[in-house]
Amino acid sequence: MNKKNAFLGKCSERCEKSAFLQKMREGILQLLFPLRCPICDDIVAPAGERICATCFEKLQPITAPFCGKCGRKLLTESCFCRDCKERLHVFTQGRILYQYEAVSDAIYRFKYGGRKEYGVFFGQQMAEQLGDYVRMIAPQVIIPIPLHPARQKMRGYNQARVLAEEIGRRLGIPVETKLVKRIKNTNPLKWENPGQRENNLKKAFIISENDVKLRRVLLIDDIYTTGRTMDAVAGVCKMAGIQEIYCLSLTGGSSM
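If you're wondering where the values come from, they're calculated on a predicted model, not measured in any experiment.

Parameters and conventions
Residues numbered from 1 in each chain as written. Predicted model: local features only at pLDDT ≥ 70, side-chain atom pairs only at ≥ 80, totals over all residues. Heavy atoms only, no water. Phe/Tyr/Trp six-rings, centres within 6.5 Å; stacked < 30°, edge-to-face > 60°. Lys NZ or Arg CZ within 6 Å of the ring centre and 35° of its normal. Core = buried A, V, L, I, M, F, W, Y, C linked by side-chain atoms within 4.5 Å. Buried < 20%, exposed > 50% of the residue type's maximum accessible area, 1.4 Å probe, protein only. Helix = DSSP H or I, 4+ residues; strand = E, 2+ residues; numbered from the N terminus. Contact = heavy atoms within 4.5 Å. Pairing = 2+ DSSP bridges. Axes fitted to C-alpha atoms, helices over the stretch in contact; angles between N-to-C directions.

Chemist: What is the right way to look at the packing of aromatic side chains in this model?
Modeler: Centre-to-centre distance and the angle between the planes together describe a pair of aromatic rings. Enumeration over the complete set of coordinates arrives at six aromatic pairs. These aromatic residues form a ring-pair network of at least three members: Tyr 98, Phe 110, Phe 121, Phe 122 and Tyr 157. Residue placement shows Arg 95 over the ring face of Tyr 133; its charged tip is 5.4 Å from the ring centre.

Structure, rendered in structure tokens:
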């Protein structure tokens, strides 16, 4: 018994020492390379956090009423937004964390300004605030919406993958980055109307495996606008035999 207690004591001591060293490393990194707030882009205050305390209060998580299909904020009491009433989406269901207006500048810097570190905070928030929903649907894997290799090389990283890996790490769900590939380098979709988006995304994605043994997956993207991208990826997943395709997005605009 004494040996067992001694062994457990040493394990506890090693764990405490490891946690102390980790905090020390983080503290040194913070001094050398202070984190910038994803909302104001200034050095985070108080130090040691990933977002300024005052900026955190500016975030606008989407609460009820929201669309029962895509998850966008509804401006009136209803079950579905106008788009989801008029359009039959391929994906099973989706949820969105923030209203776009509150994080639009942050999203721009995250995607185009090299602020990859924002993804850790945003992924953490998606896991914490939408984690119960993810646990309920119980996806076998998380799939980030892929970028075309040329676009990813130019940007340096795939922002959807950054979010997905943080969500997967926190919720204990594997992230699959090789199953879906983007083979068509589409034009930026933000300037196109829904019809143009749909044409732009035709044959943009493929499944890289012949035998897919998955039944339920979760797609991750940064912005939900019309759902065309989610539908395009969900379509190839359905063709590969995946039955349920859920979606999680960091932000999206309100809808009627």
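Further notes follow.
Chemist: What is the right way to read the nonpolar core from this model?
Modeler: Proteins that are soluble and globular tend to have nonpolar side chains buried together. Ile 39, Val 103, Phe 122, Leu 218, Ile 220, Leu 248 and Leu 250 are the most contacted members of the largest nonpolar core, which has 36 residues in total. The set of elements that each furnish at least two residues to this core consists of β1 (93–99), α4 (100–112), α5 (118–137), α7 (159–171), β5 (216–224) and β6 (244–252). Among the elements that make up this core, the one with the highest residue count is α5 (nine residues). In this view, Leu 248 contacts Arg 95, Met 126, Leu 130, Tyr 133, Val 134, Ile 167, Leu 218, Leu 219, Ile 220, Asp 221 and Met 230; residues no more than four positions away in its chain are not counted. Residues Cys 67, Cys 70, Ile 96 and Val 236 belong to the second largest nonpolar core, which totals 31 residues.

Chemist: Help me understand the sheet that holds β5 in this model?
Modeler: Hydrogen bonding along the main chain pairs the strands of a sheet, whether they run parallel or antiparallel. Ordered in space as β1-β6-β5-β2, the four strands form an open sheet in which the pairing is parallel. Of all strands in the sheet, those bounded by a partner on one side alone are β1 and β2 (141–144). When strand polarity is set aside, the average angle formed by the axes of neighbouring strands in this sheet is 20 degrees. As paired elements, β1 and β6 share six bridges and run parallel to each other. Looking at β6, one finds that Gly 94 is bridged to Cys 247. The strands touched by α7 within the sheet are β2, β5 and β6, with β5 carrying the most contacts at an inclination of about 130 degrees. Contacting β5 and β6, helix α9 (residues 228–239) runs over the sheet at an angle of about 160 degrees to β5.

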